[in-house]
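Summary of structural features
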Amino acid sequence: MLDNYALAFNKCAGFPDLCTTFRTYLSTLKFCAIVWTVTLVLGFTIAYYLNFEIRSTTTRIVLALICTIPFWTSNVIRMISWIPLLGRNGLINQILLNLGVIHQPLEWLLYSDFSVTLALVHINTVFMIVPILNSMSRIDRSLVEAAYDAGATGWQTLWNVIIPLSKAGITIGSIFVITIVMGDFVTTGVMGGQQIASAGKVIETEIGALQFPIAAAQAIILLAIVLMIIWTLIRFVDIRKEL
Amino acid sequence: MKDTKTRGISRRSVLKGTAAFAGLAAGSGAITGFPAILAAEPITLRYLSTATNQSPAIADQAFKDLGIKIEYVSVETDEVTKRIVTQPDSFDLVDTEYFSLKNLVPSGNLMGMDAKKIKLVDKLATVIAKGEIDGKKIGDQGTAPHKVCYLEGQHSKNFAKEPTEWLTLIPTTYNADTLGIRPDLIGRPIDSWAELLNPQFKGKASILNIPSIGIMDAAMVNEALGKVKYGDKGNMTKAEIDTTIATLIDAKKAGQFRAFWSDFNESVNLMASGETVIQSMWSPAVTAVRLKGIACTFQPLKEGYRAWASGFALPKTLKDKQLDAAYEFVNWFLSGWAGAYLNRQGYYSAVLDTAKANMEGYEWDYWMEGSPPRRTSRVRTAACSRRPARFVTAAPTPSAWAPWRAGTRSWTKMRTWFRSGTSSSPPDGRNHNLCTPRSHAPGRFRQASPAARRRGPPAALLAGGAACPRFSGLLRPAAACHACR
């Protein structure tokens with residue numbers, strides 16, 4: 001049984017070159033970190049706007065629903081539709097060429113780290129918005145007023161009142177995004193032109209080749225890593241108490 | 001979930017809605033068109049295969065002729081193998097490829113097909129059954145179908161060396177794949193697999209990402225580059241594997257590939273959008289690109305093709321009525337209608353005689369003999385799927401994974417044919433007119449009425465799923481529009 005774990009880390013002893021497994025996990029963690037940061041900033045900002053800037057409940061619900069638009073189409077269609085936008089002869093390249101900003105089409109718009117990050121952010125931001133919005137809507141407005149009355153600036157209120165009170169939402173949203181991105185292989189595959197490895201893709205390839213034992217070992221490794229991340233996250237907040 | 005509850009939507013209504021959607025999805029996809037007759041419990045066969053091999057028209061016709069309902073289960077190539085090995089009860093009939101058999105047969109989950117119950121067993125294409133054409137032996141590398149055609153016994157896990165009465169698969173179709181190119185963007189002749197890794201096409205090449213198939217394309221490239229001389233591409237030594245993979249890794253790191261594709265639609269999109277100009281390709285995909293009015297060639301190469309063949313197998317648990325129905329369906333499949341249908345997609349059906357009897361003379365001449373289209377100028381749009389007759393009847397036809405050598409007379413003829421075929425039939429504006437009604441009324445064409453058939457190959461081509469293999473389920477109408485745009 002341990003042989004399968006040994007195989008998963010095959011040739012990993014030879015430093016300084018990293019073996020495929022380590023490089024794959026580093027790449028996955030890199031996307032995870034970038035996507036988490038971007039979705040957190042975007043998600044928090046949007047949730048803040050929806051909760052504190054929009055007065056009417058109807059407008060708030062309508063706008064929140066608009067955030068789910070990426071889920072209205074199938075994964076495949078969504079992926080394919082990036083090509084006319086980002087492709088070599090796509091809309092963005094055409095516009096930039098016509099404006100004279102560039103003279104050669106930008107190749108890195110599609111099938112690159114950029115496009116993978118973009119697509120992951122595109123579909124995962126809503127998982128950040130909803131829990132944060134949920135936490136924010138429970139914040140007692142009188143606390144915000146009290147902060148203003150006590151002379152806090154907008155940023156101080158945000159940092160000392162709103163963010164601590166939205167912590168549960170931020171943690172739950174982070175768990176959603178991190179688990180999805182760590183396990184993702186479809187988006188990374190399609191948007192990376194199948195040339196960017198991910199932990200999930202490794203498992204998928206091994207299963208495709210009927211190598212179930214090593215796939216199982218890889219799955220356990222991935223599970224352990226994700227659990228460690230989540231364990232760290234819930235150190236920051238007692239989710240059970242917050243809910 | 002909380003939200004839905006507070007808005008007073010009961011679990012039941014949600015379930016109903018889901019069921020309705022599921023019904024809609026199923027109804028718009030593979031299993032449409034059954035007449036609303038309630039036969040006395042018609043037998044349903046769950047037909048597992050890749051979408052490439054599934055076509056609503058065939059299911060409709062089978063129901064009309066036999067009263068057997070075909071319920072398509074469409075998954076990807078590797079998934080077919082995985083299902084047979086891990087979930088042998090999840091299907092009643094499987095259409096898989098010969099190259100998978102070395103994984104499938106040792107599992108013992110498939111039963112040998114009884115030759116005595118297959119009426120046309122003697123008529124099966126000799127290229128599959130014997131590995132020869134008109135008595136001439138053909139290339140033998142890889143899992144050539146004739147090597148894995150027979151089992152020692154019905155439930156044996158060993159292949160028989162000599163013909164027995166137990167067949168592993170009853171062949172359905174076969175074909176050969178090569179590189180597809182965009183002649184307008186390349187602007188010079190391409191004649192070798194080595195061109196796939198030519199730095200000239202850096203960032204504009206692609207290779208098939210179904211590993212078991214793509215590795216063969218990579219092997220063709222490696223041999224063409226002179227890096228490896230393989231003993232048998234279908235059974236590489238460790239050193240050969242290492243060199244092949246090293247070449248691929250180097251090319252990938254150098255940025256040779258734009259993307260890898262594993263799905264029919266992806267290959268069409270890559271080529272049509274100009275993301276790639278040279279890539280592994282399947283012939284119906286080339287046709288799909290040309291139908292958009294974009295120049296694309298299914299390029300013959302001097303090193304030869306990579307061939308494949310697929311066929312039916314039954315799970316060993318199948319019995320009684322279901323088993324009889326499965327044999328009945330297989331016999332029907334070989335009896336001509338389905339073969340003719342597949343020939344019109346650009347494939348070769350396993351029993352050519354019966355297929356020929358079900359095709360019009362001009363259809364046979366066009367699709368199988370490679371003669372110029374006779375009926376209308378419209379048929380030219382599919383010219384790149386046209387095959388030279390010699391490929392089938394006289395040339396050393398490839399067996400699975402076995403490239404056939406260039407330099408024979410028939411090869412020269414073939415190449416000439418392809419050249420004339422491509423240059424004489426530029427896609428023109430009429431394509432668009434041809435496609436418009438089809439995308440709006442796919443149902444009509446799916447039935448392949450005599451009128452539709454008379455339109456010639458392109459009509460039949462889009463008539464079913466096989467020409468656009470991965471357009472399944474809900475995707476079909478949108479994808480059809482896309483393909484015709």
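Turning our attention to the overall build of chain B. Counting its secondary structure elements, chain B contains 22 helices and 14 strands. Every one of the 485 residues in chain B was classed for burial, and the buried ones make up 52%. For chain B, long-range pairs separated by at least 24 residues make up 72% of all intrachain contacts whose partners lie at least 6 apart in sequence.

All names here are of chain B. Counting buried positions over the ten residues of strand β13 (residues 306-315) gives ten, a clear majority of the element. Burial along β13 is two-sided: Arg306, Trp308, Ser310, Phe312 and Leu314 facing one way and Ala307, Ala309, Gly311, Ala313 and Pro315 facing the other are all buried. Of the pairings in the sheet, the one linking strand β3 (residues 93-97) to β13 comprises four bridges and is antiparallel in character. Its bridge partner lying in β13, Glu97 is registered against Ser310. Of the pairings in the sheet, the one linking strand β4 (residues 110-111) to β13 comprises two bridges and is antiparallel in character. Residue pairing in the sheet places Leu110 in a bridge with Pro315 of β13. Here strand β9 (residues 170-181) runs beside β13; their pairing, made up of seven bridges, is antiparallel. Bridge pairing in β13 places Asn175 opposite Trp308.

Our focus in this paragraph is the interface of chain B and chain A. If you look at the interface, chain B gives 17 residues, while chain A gives 14 residues. Of all the elements, helix α4 (residues 77-86) of chain B adds the most residues to the side of chain B that touches chain A, at four residues. When the residues that make up the side of chain B that touches chain A are grouped by side-chain class, the tally is five nonpolar, seven polar and five charged.

All names here are of chain A. In this fold, Asp3 is placed in helix α1 (residues 2-8). Note on Asp3: 10 C-beta atoms within 10 Å, which makes it exposed. Between the alpha carbons of Asp3 and Leu118 there is a distance of 38 Å; along the sequence they are 115 residues apart.

Counting 70 residues, the largest nonpolar core has Leu45, Leu93, Tyr174, Leu314, Ala326, Phe329 and Val330 of chain B as the members making the most contacts within it. By residue number, the principal contributor to this core is helix α12 (residues 320-334) of chain B, which donates seven residues. Of all hydrophobic cores here, the second largest spans 43 residues; its members include Ile80 of chain A together with Ala205, Cys296 and Leu301 of chain B.

Bringing the environment of Thr247 of chain B into the picture now. Residue and element names in this part refer to chain B. Inspection of the secondary structure assignment puts Thr247 in helix α9 (residues 238-253). The spatial distance from the C-alpha of Thr247 to the C-alpha of Met113 is 41 Å, given a sequence separation of 134 residues. When neighbours within four sequence positions are excluded, Thr247 is seen to be in contact with Asn222 and Lys227.

The backbone phi angle of Gln194 of chain A is positive, close to 60°, even though this residue is not glycine. Checked against the element boundaries, Gln194 of chain A lands in the loop between α11 (186-191) and α12 (199-208).

What follows deals with helix α15 (residues 361-369) of chain B. All buried positions along α15 of chain B are accounted for by Glu363, Trp364, Tyr366, Trp367 and Met368 of chain B. Downstream of α15 of chain B by a residue or two, Gly370 of chain B has a phi angle that is positive, lying close to 80°.

Right, let's get into the confidence of the model for chain B. Segments scoring low in pLDDT should not have their predicted coordinates read at a detailed level. Residue and element names in this part refer to chain B. Across chain B, pLDDT averages 73, with 69% of residues at or above 70. Across chain B, strand β10 (residues 205-206) holds the top mean pLDDT of 95, while helix α17 (residues 409-423) sits lowest at 26. This stretch, residues 1-9, has a pLDDT under 50; its non-local contacts, to residues over four places away or in other chains, come to three contacts. Below pLDDT 50 for its whole length, residues 20-39 participates in 31 contacts with residues either more than four positions away or in separate chains. Scoring the predicted complex yields pTM 0.72 and, for the interface, ipTM 0.81.

Before going further, it helps to examine the packing of α12 of chain A against helix α13 (residues 212-235) of chain A. Residues and elements named next belong to chain A. At a closest axis distance of 8 Å, the pairing of α12 and α13 adopts a crossing angle of 165°. By the angle between their axes, α12 is roughly antiparallel relative to α13. Between α12 and α13 lies a crossing of left-handed hand. Between α12, through Ala199, Val202, Ile203, Glu206 and Ile207, and α13, the contact on the second element is made entirely by Phe212, Ile214, Ala215, Gln218, Ala219 and Leu222. Of the residues that constitute the contact of α12 with α13, the class distribution is nine nonpolar, one polar and one charged.

Turning our attention to helix α3 (residues 56-66) of chain B. Listed as buried for α3 of chain B are Pro56, Ala57, Ile58, Ala59, Asp60 and Ala62 of chain B. Of the residues one or two after α3 of chain B, Gly67 of chain B is the one with positive phi, at around 75°.

Reading the values: the criteria
- Residues numbered from 1 in each chain as written.
- Chains lettered and ligands numbered in written order.
- Predicted model: local features only at pLDDT ≥ 70, side-chain atom pairs only at ≥ 80, totals over all residues.
- Helix = DSSP H or I, 4+ residues; strand = E, 2+ residues; numbered from the N terminus.
- Buried ≥ 20, exposed ≤ 12 C-beta atoms within 10 Å, placed from the backbone.
- Contact = placed C-beta atoms within 7 Å.
- Pairing = 2+ DSSP bridges.
- Nonpolar A, V, L, I, M, F, W, Y, C, P; charged D, E, K, R; others polar.
- Core = buried A, V, L, I, M, F, W, Y, C linked by C-beta atoms within 7 Å.
- pLDDT = per-residue confidence, 0-100.
- Axes fitted to C-alpha atoms, helices over the stretch in contact; angles between N-to-C directions.
- Parallel < 35°, antiparallel > 145°, perpendicular 65-115°, else oblique.
- Left-handed = near helix turned anticlockwise from the far one by under 90°.

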